[in-house]
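# Understanding the architecture of this molecule
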Amino acid sequence: MSLTRMPNRTTAYDSTVISGLDPLSADAMYPLLPMMNAAADVPALTTAVRRILPSTSQLAEFSLPESLAAMRDLGLFLGSLKRHGVEPVVAVPELEPVLVELGRRSDMMPRDTVHHYTEWNPVGVRQRMYTGDEQEGFLMDAARMSLPHLAEAVELCRQLTDVAPDQPEFGTLLTQLTGRLAAFDEAISMVTRKVTPEFFAQGMRPYYEEITVQGRSYLGPAAAHVPLFLVDLVVWAADHGHPVYDEFIDEAAQHTLPQWRQLVPGWRTGPSIVGRVADVLREAPDGAPPAVPAEGITALAKTLRTLIAFRAKHLTIARKAYRDEVRLYDLGSGGGSIALLHQILDLTRENSSAVAVAHRRPASAQVTGAVAARVTGGTDD
Ligand code: HEM
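Keep in mind that this is a model prediction, so the values were computed, not measured. Residue indices follow the written sequence of each chain, beginning from 1 at its first position. Residues qualify for local features only when their pLDDT is at least 70, as the model is predicted, and side-chain atom pairs are given and counted only at 80 or more; totals for whole chains, interfaces and linings, by contrast, use all residues.

## Remarks on the overall build of the protein
Within the protein one finds 20 helices and 2 strands. Structurally, the protein occupies a C-alpha span of about 75 × 50 × 35 Å along its principal axes. Burial in this document is a count-based property: other C-beta atoms within 10 Å of a residue's C-beta are tallied, and the residue is buried at 20 or more, exposed at 12 or fewer, or partly exposed in between, with C-beta positions derived from the backbone. The buried share of the protein, reckoned over its 381 residues, is 47%. Residue pairs at least 24 apart in sequence account for 82% of intrachain contacts in the protein once pairs closer than 6 positions are excluded. Numbering goes from the N terminus for both helices and strands, where a helix is a DSSP run of H or I of at least four residues and a strand is a run of E of at least two. For the purpose of contact definition, each residue receives a C-beta atom placed from its backbone, and two residues are in contact when these atoms lie within 7 Å.

So, in structure tokens, the structure goes:
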């Protein structure tokens, strides 16, 4: 059953490895899950989850990838039970120690996350789904489209934190970063074409409700926890953000990979790229040649515009899914609101405008001045 007992950190979270695993021998169960959900058949759900629950000795033998695959497979039942109004660990008390141990073994929270539900979920006949609806598949694919590119983007951000704005690699790395971020725009464009706001709001959102484990609430496997905030922190949010966004980041960070979660404290203290560009420009004497090469500023402006393109389309579909006539819940599955999305988009736009100003007036621009840490009412898209 095991692939390797002690995989190294690089391969341990490999989606090809994890999605190929069936540590609970549960493959045969998932074609039945959409029917159980359609019938709101809570007894069938509790029987099924009891059947696949690993014993203590099995659990002790799981490798890290097996622990992640096991959490993925139990996770579909957690969201399903909660969707039908049942707190999973109340209906099946034996679940609780298993969730806690799987979380501990994988250094993640004691429930499934967007990583488990999408990138570690097999595609094709073995795909685990709540509803079996093809629109659910498109939503899962959107996260699968963006997460591998985000992994590369995070690596580029890591390199960017060590490169000064006046170095030639600065613009090159930012251009590569922009290329990776384009995947978010493609993913949300695909969702806009293939998924109706009504399906998201009424068909899927109920499965992402929070559950309680050991007295603490844990939100469901929502795309809102895809940690795009890591890129924001490095590019602008470390020192040009807002406490409301910081609070969302703290919550979302709990739902991501340990190696990404661990980046947050350092990246939050900055300085961000926008902050560093502002410093260099501020220190340059008036009339001196541009202190940051034009290619660097242009590349930074494109990075910000790519984030805006995703966020503007994302806000449009999110607003439709959360309008009064459609929504079942006031808050998003990530615990945030439409107002929060407006705020994040506005902040991204403000930083983008400030960089555009710097581009036009390279020697004297004051990027920071234009990006006062204020949150405006927002504009609709
Ligand atoms: C119909 C589809 C979708 C709806 C209705 C929707 C709705 C929302 C809402 C309401 C939020 C605010 C936080 C929260 O949920 O608590 C949010 C955040 C977020 N969502 Fe979505 N979302 C959708 C699809 C997606 C997809 C496909 C992706 C990624 C590929 C995505 C990525 C994000 C991210 C990264 C955030 C954090 C805020 C930000 O970075 O701007 N969402 N979403």
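Back to the write-up after that little detour.
## Some details on the site of the ligand
For each residue, a C-beta position is placed from the backbone atoms; the residue is near a molecule or strand when that point lies within 6 Å of it. The environment of the ligand is formed by 31 residues, the closest being A142, A224, G332, G334 and G336. Here the element with the most residues in the shell around the ligand is helix α18 (residues 294–321); it accounts for 5 residues. Residue polarity follows a fixed list, in which Ala, Val, Leu, Ile, Met, Phe, Trp, Tyr, Cys and Pro are nonpolar, Asp, Glu, Lys and Arg are charged, and the others, Gly among them, are polar. Considering only residue class, the shell around the ligand consists of 23 nonpolar, 7 polar and 1 charged.

## Side note on the environment of P265
Assignment of secondary structure puts P265 in helix α16 (residues 264–268). Residues P265 and L328 lie 63 residues apart in sequence; the distance between their C-alpha atoms is 35 Å.

## What to know about the environment of A222
By secondary structure assignment, the location of A222 is in the loop between β2 (216–218) and α13 (229–240). In this structure, the C-alpha to C-alpha distance between A222 and A354, residues 132 residues apart in sequence, is 32 Å. When sequence neighbours within four positions are dropped, the list of residues in contact with A222 reads V114, Y208, S333 and G334.

## Some thoughts on the packing of helix α4 (residues 42–52) against helix α6 (residues 64–83)
Contact geometry for α4 and α6: axes closest at 10 Å, N-to-C directions at 160°. Taken together, the axes of α4 and α6 lie roughly antiparallel to each other. Considering only the axes of α4 and α6, their crossing is left-handed. Between α4 and α6, the residues in contact are V42, L45, A48, V49 and I52 and D73, L74, F77, S80 and L81, respectively. Lines fitted to C-alpha atoms define the axes, with helix axes restricted to the stretch in contact, and inter-axis angles between N-to-C directions lie between 0 and 180 degrees. Small angles under 35 degrees read as roughly parallel and large ones over 145 as roughly antiparallel, with 65 to 115 read as roughly perpendicular and the rest as oblique. Working rule for handedness: look at the near helix, and if it is turned counterclockwise from the far one by less than a right angle, call the crossing left-handed; if clockwise, right-handed.

## Some words on the domain arrangement of the protein
What counts as a domain boundary in this text is fixed by an automatic or database domain assignment. We note that the domain assignment places domain 1 (3–126) and domain 2 (134–211 + 221–376) within the protein. Look at where the C-alpha atoms of domain 1 and domain 2 centre, and you get two points 30 Å apart. Contributing elements (two or more residues each) for the side of domain 1 that touches domain 2: α6 and α9 (114–119). The class makeup of the residues in the side of domain 1 that touches domain 2 is 7 nonpolar, 8 polar and 8 charged.

## What to know about the nonpolar core
Soluble globular proteins tend to bury their nonpolar side chains together. A set of buried Ala, Val, Leu, Ile, Met, Phe, Trp, Tyr and Cys residues, joined through C-beta atoms within 7 Å, is what we mean by a nonpolar core. One finds C157, L230, V234 and L300 to be the most contacted residues of the largest nonpolar core, which totals 110 residues. With 11 residues, the single largest contributor to this core is helix α10 (residues 134–160). Each of domain 1 (3–126) and domain 2 (134–211 + 221–376) gives at least three residues to this core. When sequence neighbours within four positions are dropped, the list of residues in contact with L300 reads L174, I273, V277 and V355.

## A short note on unusual backbone geometry
Cis peptide bonds are those with omega within 30 degrees of zero, and the linkage from G270 to P271 qualifies with 0°. Take P271: it is sitting in the loop between α16 and α17 (273–283). Notably, A40 is not glycine yet its phi reads approximately 50°, a positive angle. When the 13 C-beta atoms within 10 Å are taken as the criterion, A40 is described as partly exposed. Residues other than glycine seldom take positive phi values, yet Q214 does so here, at roughly 50°. Inspection of the secondary structure puts Q214 in the loop between β1 (211–213) and β2.

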